[in-house]
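Breakdown of the fold
Letter by letter, the chains look like this.
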Amino acid sequence: MQDNHYDVLIIGAGLSGIGAACHLARELPQKRVGILERRQAIGGTWDLFRYPGIRSDTDMLSFGYDFRPRNKLQVMGDGPAIRGYVNETAREYGVDRKVRFGVQTTRAEWSSADGLWKITGREEGSGRPLTFTTKVLLSCTGYYNYDQGYLPQFAGLENFRGQCIHPQHWPEGLDYRGKRVVVIGSGATAVTLVPAMAAEAGHVTMLQRSPSYIFSLPAHDTLTEMLVKLLPERWAFGIARRRNIFLQRLIYKAAKRWPDKVRGWLLDGVRKNLGPDADMRHFTPSYEPWDERLCAVPDADLFKAIRAGKASVVTDHIETFTEKGIRLKSGQELEADIVITATGLQMQVGGGMEFLMDGKPLLINQQLTYKGVLVEGVPNLAWIFGYTNAPWTLKADIAAAYVCRLLKHMEAQGVDVVTPQAPAGQKLDESIMGALQSGYVQRGNGVLPRQGRDLPWRVLNHYERDRVMLLQDPVADTALAFRKIAPVARAA
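Residues numbered from 1 in each chain as written. Predicted model: local features only at pLDDT ≥ 70, side-chain atom pairs only at ≥ 80, totals over all residues. Heavy atoms only, no water.

1. Description of the overall build of the protein
Stated precisely, the cut-off is as follows: Under the DSSP-based scheme used, a helix requires at least four consecutive residues in state H or I and a strand at least two consecutive residues in state E, with every element numbered from the N terminus. We compute the radius of gyration over the C-alpha atoms and compare it with the globule rule, which gives 2.2 Å times the number of residues raised to the power 0.38. The buried label goes to any residue with under 20% of its type's maximum accessible area, the exposed label to any with over 50%, and the partly exposed label to all in between, with areas taken from a 1.4 Å probe on protein chains only. Contact criterion: two residues are considered in contact whenever any of their non-hydrogen atoms come within 4.5 Å of each other. As used throughout, the charge tally considers Lys and Arg to be positive and Asp and Glu to be negative, leaving His and the chain termini uncounted. Charged groups are reduced to one reference atom each: NZ for lysine, CZ for arginine, CG for aspartic acid, CD for glutamic acid.
A tally of helices and strands in the protein yields 13 helices and 25 strands. For 492 residues, the compact-globule estimate of 2.2 N^0.38 gives 23 Å, and the protein sits close to it at 24 Å. If one aligns the C-alpha atoms of the protein with their principal axes, the spans along those axes are about 75 × 55 × 45 Å. Scored against the burial criterion, the 492 residues of the protein give a buried share of 53%. Restricting the contact set of the protein to residue pairs at least 6 apart, pairs at least 24 apart contribute 72%. Counting 61 positive and 52 negative side-chain charges, the protein places the centres of these two groups 3 Å from one another.

In structure tokens:
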């Protein structure tokens, strides 16, 4: 059992988990840190998803870790590049040696008497039960179910004679050369798949119920390339990272303050890339910019595929699948050899673990979060949850840095347990992602923790204010209750 006891135990070896482990290795090297990962590789999302063209939906300078920037001129990193980057970072800080692979965690139970979390799970291969204990539990599992994506109930699906594939479970070696492909969806996955598959497929149709905002980013960072010639590389990429973060935040803030102007700017970009004959019905959403995430495409690749006649967009509702494809409510039938259901994610917290406190069920979806990192009323539990309106890693980095600040404070004060306590009347009937109207967010409203009325219980998704709150404000405040573990329990 001693080998399975940790000061900090991280669940998940993806972008968040590896980042958090690196922060701990840098700031608290004396702590015994472990990482449990269900898969057989580091990478999380970037190891799971293997569909054609998979890439980040933000620029890689701001998507990379602050403590180890990814200084490349490729603007939007592809899946293999991101997976390699996370693995290289893990090796550089020695945290790859702390990962235990093939472990599915099923339960986490806090014992107030012992001041410990007990984690139970099993080996995926053998089914052998496993038990771990830790003083601090850090959940870095993201917010969706790795086992199954979201698939609506499509009428007649059983009649379709072609292949039907969800991007979350992409078959290795899928041959789509010369075939008719229909991609159902209009989000980031769909706009990535369509141009990537159009290069070899006979034709690719993006079938959407309603349009999304799509804008183009350059695939190559020419401005930073010029800076590198004039300045030391570290300075040039540092300036570029700050520039990109500033521009992202500027667009988001402008969208919230002047939605009509930002809407016009985005739609003008589509017209410019598609040409004067563009049917803008397929690219004009009914909602305001940033009510849902914007979809970025590198070098207008989606629009180029449409202009070349290799791809097309249809806006309609599905009536039923047929033997040959999909019949729409308008009466049109889309014939297909392959249908890709890019229909979204199933929301999930803690990798599907059951949480208990002193033997009683703990419902995370009924709790608030403290500064978006700790969980109200729950001792020594933190989670890393990135941004939904900016690169995920910006928040993951500062959240992990805050956890290190908190653990240093506890060590200096000689305390073992921290529990956030919220005053009455803070809880709202919406989740911490409630501001977004995306389908997966609305479906997952009941799964995620609750949103609070005021700070520190309100999740802002505001990088500048979060940096102050997590990195500069004093660690100790009236919302946190600290205590020592009784000597008998410590000895046990």
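Here the narrative resumes, following the displayed structure.
2. What about a nonpolar patch on the surface?
For clarity, the cut-off: A patch is a set of surface residues, each over 30% in relative accessible area and not in a salt bridge, joined within 9 Å for like charges and within 5 Å for the nonpolar side chains Val, Leu, Ile, Met, Phe, Trp and Tyr. All accessible-area figures derive from a Shrake-Rupley calculation using a 1.4 Å probe, and residue coverage is judged against the displayed protein chains alone. Each salt bridge in this description consists of a side-chain nitrogen of Lys or Arg and a carboxyl oxygen of Asp or Glu lying within 4 Å of one another.
Residues F246, L247 and L250 make up a contiguous nonpolar surface patch of about 300 Å² in total accessible area. Locating L250 in the fold gives a position in helix α7 (residues 233-257). For L250, a relative accessible area of 43% gives the class partly exposed.

3. Observations concerning the packing of α7 against helix α8 (residues 259-274)
Each pair of packed helices can be summarised by the angle the axes make with each other and by the distance between the axes. Condition: Orientation is described by lines fitted to C-alpha atoms, with helices fitted over the stretch in contact, and by angles between N-to-C directions that extend from 0 to 180 degrees. An angle below 35 degrees is treated as roughly parallel, one above 145 as roughly antiparallel, one from 65 to 115 as roughly perpendicular, and anything else as oblique. Side-chain classes are defined by residue name, with Ala, Val, Leu, Ile, Met, Phe, Trp, Tyr, Cys and Pro counting as nonpolar, Asp, Glu, Lys and Arg as charged, and the others, Gly among them, as polar.
Where α7 meets α8, the axes come as close as 5 Å, and the angle between the chain directions of the two elements is 120 degrees. In terms of orientation, α7 lies oblique with respect to α8. The residues of α8 that touch α7, namely those facing I251, A254, A255, K256 and R257, are P259, V262 and W265. Taken together, the residues that form the contact of α7 with α8 break down as six nonpolar, no polar and two charged.

4. Notes on the layout of surface pockets
To be explicit about the condition: Each cavity reported here is a set of points on a 1 Å grid over the protein atoms alone in which a 1.4 Å probe fits but cannot get out, each pocket an open set with protein on both sides within 12 Å along at least five of seven lines, and each lining residue one with an atom within 4 Å of a point. Grid points are joined across faces, edges and corners, and a volume is the space filled by probe spheres set on the points.
Estimates place the volume of the second largest pocket at around 830 Å³. What lines the second largest pocket is a set of 33 residues, and nearest its centre among them are F215, S216, L217, I251 and W265. Among the elements of the structure, β10 (214-217), α6 (222-230), α7 and α8 are those that each provide at least two residues to the lining of the second largest pocket.

5. Examining the environment of D3
As for its position among the elements, D3 is in the segment before β1 (5-11). The exposure class assigned to D3 is exposed, which follows from its relative accessible area of 60%.

6. Topic: the pattern of salt bridges
In total, this model carries 26 salt bridges according to the counting rule given. Where D221 meets R243, a salt bridge forms, and the shortest distance between an N and an O atom there is 3.0 Å. Of this pair, D221 sits in the loop between β10 and α6 while R243 is found in helix α7, placing the two residues 22 residues apart along the sequence. Residue D221 is classed as buried on the basis of its relative accessible area, which comes to 9%.

7. Overview of helix α4 (residues 79-92)
Going by this rule: Multiply 1.5 Å by the residue count of a helix minus one, and that product is the helix's expected span. Whenever two N or O atoms come within 3.5 Å, that pair is a polar contact, provided that in protein one can donate a hydrogen and the other can accept it, and provided that, for residues adjacent in sequence, both atoms are side-chain atoms.
An ideal rise of 1.5 Å per residue puts 20 Å on 14 residues; α4 measures up with 20 Å between its terminal C-alpha atoms. Of the surrounding elements, those touching the buried residues of α4 are α1 (15-27), α2 (45-48) and α3 (60-63). N-cap assignment for α4: the residue whose side-chain oxygen lies 2.8 Å from the backbone N of A81 is D78.

8. What to know about the nonpolar core
Definition in use: Side-chain atoms within 4.5 Å are what join buried Ala, Val, Leu, Ile, Met, Phe, Trp, Tyr and Cys residues into a set we call a nonpolar core.
Within the largest apolar cluster, 137 residues are counted, with the highest numbers of intra-cluster contacts made by I10 and I18. If sequence neighbours within four positions are ignored, I18 has contacts with A13, I35, I42, Y65, V86, A90, V95 and V99.

9. Some points on the sheet that holds strand β16 (residues 338-341)
Test applied: Strand pairing follows a simple DSSP-based rule, namely that at least 2 bridges must link the two strands.
Taking strand neighbours across the sheet as the criterion, the five strands line up as β7-β16-β8-β9-β12 in an open arrangement whose pairing is parallel. In this open sheet, the two edge strands, each paired with only one partner strand, are β7 (163-165) and β12 (311-315). When the angles between neighbouring strand axes are averaged without regard to direction, this sheet yields 20 degrees. Pairing analysis gives five bridges linking strand β8 (residues 180-184) to strand β9 (residues 203-208), with the strands arranged parallel. In the strand pairing of β9, V181 is matched with V204. The sheet strands contacting helix α5 (residues 188-198) are β8, β9, β12 and β16, and the helix crosses β9 at an angle near 165 degrees.

10. Here we look at the side chain of N389
Relative to the helices and strands, N389 is located in the loop between β21 (381-383) and α10 (392-413). According to the relative accessible area criterion, N389 is buried, its value standing at 6%. Here N461 takes part through its backbone oxygen, which lies 2.9 Å from a polar atom of the side chain of N389. Once residues lying within four places of it in the same chain are set aside, the contact partners of N389 are R249, Y252, W290, R293 and N461.

11. Let's talk about the environment of Q346
Locating Q346 in the fold gives a position in the loop between β16 and β17 (354-357). Note: C-alpha distance between Q346 and Y143 (203 residues apart in sequence) is 8.4 Å.

12. What about the sheet that holds strand β13 (residues 318-321)?
Sheet strands associate in pairs through backbone hydrogen bonding, adopting either a parallel or an antiparallel arrangement. Spatial ordering of the open sheet is given by β13-β14-β15, a layout of three strands whose pairing is antiparallel. Looking along the sheet, the strands with just one partner apiece sit at the ends: β13 and β15 (333-335). If you compare each strand with its neighbour and ignore which way they point, the axes differ by 20 degrees on average. Pairing of strand β14 (residues 325-328) with β15, which is carried by three bridges, proceeds in the antiparallel orientation. Bridged to I326 within β15 is L334.

13. Considering empty space enclosed by the protein
Here the structure, examined in full by the defined rule, presents four cavities of 30 Å³ or more. Taken together, V136, L137, L374, N380, L381, A382, V403, L406, L407, M410 and V418 make up the lining of the largest cavity. For the lining of the largest cavity, the secondary structure elements donating two or more residues are β6 (129-139), β21 and α10. Per-element tally for the lining of the largest cavity: the top contributor is α10, with four residues. Taken together, the residues of the lining of the largest cavity break down into ten nonpolar, one polar and no charged.

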